[in-house]
Amino acid sequence: EGSGGALSVTGQNSQVTITSSVIDLCSATDEGGGLYIANQAKAIISSTNFSSNVATEGSGGALSVTGQNSQVTITSSVIDSCSATDEGGGLYISNKAQATISSTNFSSNVATGGNGGALSVTGQNSQVTITSSVIDSCSATDEGGGLYITDQAQVTILSTNFSSNVATEGSG
């Protein structure tokens, strides 16, 4: 089972910077159809388009960020038409990971068998800040068509627009 269809970055002191790029039509059997960040690794992403990426049997259609001290910063990017069969059609943050997201557009992402069409944030001490972004037309089979937060995760949302998101069988 593989993670990170386009790129997998794992391990302490591992870091990737992605600028003005396209990650399109990638897939992973497990987590992170486009990008997988784990085990204290870091990613800095700006002006990048994630489109039509798929986690075929896991979470995080575009990106999965998991594990203590794993971090992602996403600015001025687009996460569009990505899907996961479990959680986080666009982005999955779990197990004490951290994400800072600004001026980013999540659209038409789907969690086909779980929660969080655009984003799923789970696990104690997982922390996400979303600023000046758009979460539009995303859906989840269960809960949180736009955003799903559980297990003591902490999310701060500032100046962000949620519109036309749907949770088909659950709430939110």
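Residues numbered from 1 in each chain as written. Predicted model: local features only at pLDDT ≥ 70, side-chain atom pairs only at ≥ 80, totals over all residues. Heavy atoms only, no water.

A. Quick look at the overall build of the chain. Along the chain, the regular secondary structure elements total zero helices and 24 strands. Per-residue burial for the chain yields a buried fraction of 49% across its 172 residues. Residue pairs at least 24 apart in sequence account for 84% of intrachain contacts in the chain once pairs closer than 6 positions are excluded. Entry remark: accessible area of the chain is about 6,800 Å², with carbon and sulfur atoms responsible for 38%. (Helix = DSSP H or I, 4+ residues; strand = E, 2+ residues; numbered from the N terminus. Buried < 20%, exposed > 50% of the residue type's maximum accessible area, 1.4 Å probe, protein only. Contact = heavy atoms within 4.5 Å. Areas by Shrake-Rupley, 256 points an atom, 1.4 Å probe, with all protein chains shown as cover.)

B. Inspection of the sheet that holds strand β20 (residues 139-140) at higher detail. Read from one edge of the open sheet, six strands run β4-β8-β12-β16-β20-β24, paired in parallel fashion. The open sheet has two edge strands with one neighbour each: β4 (27-28) and β24 (166-167). With two bridges joining them, strand β16 (residues 110-111) and β20 adopt parallel strand pairing. Among the inter-strand pairings, Ala111 is bridged to a residue of β20, identified as Ala140. (Pairing = 2+ DSSP bridges.)

C. Broad picture of the pairing of strand β2 (residues 15-19). The alternating pattern of β2 places Val16 and Ile18 on a buried face and Gln15, Thr17 and Thr19 on a face that is not buried. In this sheet, strand β6 (residues 42-46) lies alongside β2 in parallel orientation, the contact comprising five bridges. In the sheet register, Ile18 faces β6, and the bridge partner there is Ile45.

D. Up close: the environment of Ile101. Checked against the element boundaries, Ile101 lands in strand β14 (residues 98-102). Spatially, the C-alpha atom of Ile101 lies 15 Å from that of Leu35, the residues being 66 residues apart in sequence. Here Ile101 is in contact with Ile74, Leu91, Phe106, Leu119, Val128, Thr129, Ile130, Thr131 and Ser133, once residues within four sequence places are set aside.

E. Geometry of the pairing of strand β18 (residues 127-131). Burial along β18 is one-sided: the residues Val128 and Ile130 are buried and none of Gln127, Thr129 and Thr131 is. Pairing between β14 and β18: five bridges, direction parallel. From the neighbouring strand, Ser102 faces β18, where its bridge partner is Thr131. Pairing of β18 with strand β22 (residues 154-158) involves five bridges; the strand directions are parallel. Paired with Thr131 across the strands is Leu158, a residue of β22.

F. Up close: the side chain of Ser94. Here Ser94 is to be found in strand β13 (residues 91-94). Looking at Ser94, its side chain comes within polar contact range of the side chain of Thr66, at 2.9 Å. Look past the residues within four positions of Ser94 in its chain and what remains in contact with it is Val65, Thr66, Gly67, Thr122 and Ser126. (Polar contact = N/O pair within 3.5 Å; in protein donor to acceptor, adjacent residues only side chain to side chain.)

G. Focus on the sheet that holds strand β23 (residues 161-163). Read from one edge of the open sheet, six strands run β3-β7-β11-β15-β19-β23, paired in parallel fashion. At either end of the open sheet lies a strand with only one pairing partner, and these are β3 (22-24) and β23. Looking at each pair of strands side by side, their axes are set apart by 5° on average, direction ignored. Bridge analysis of strand β15 (residues 105-107) against strand β19 (residues 134-136) gives three bridges, and the strand direction is parallel. Across the sheet, the residue bridging to Asn105 is Val134, located in β19. (Axes fitted to C-alpha atoms, helices over the stretch in contact; angles between N-to-C directions.)

Geometry only, nothing functional implied.
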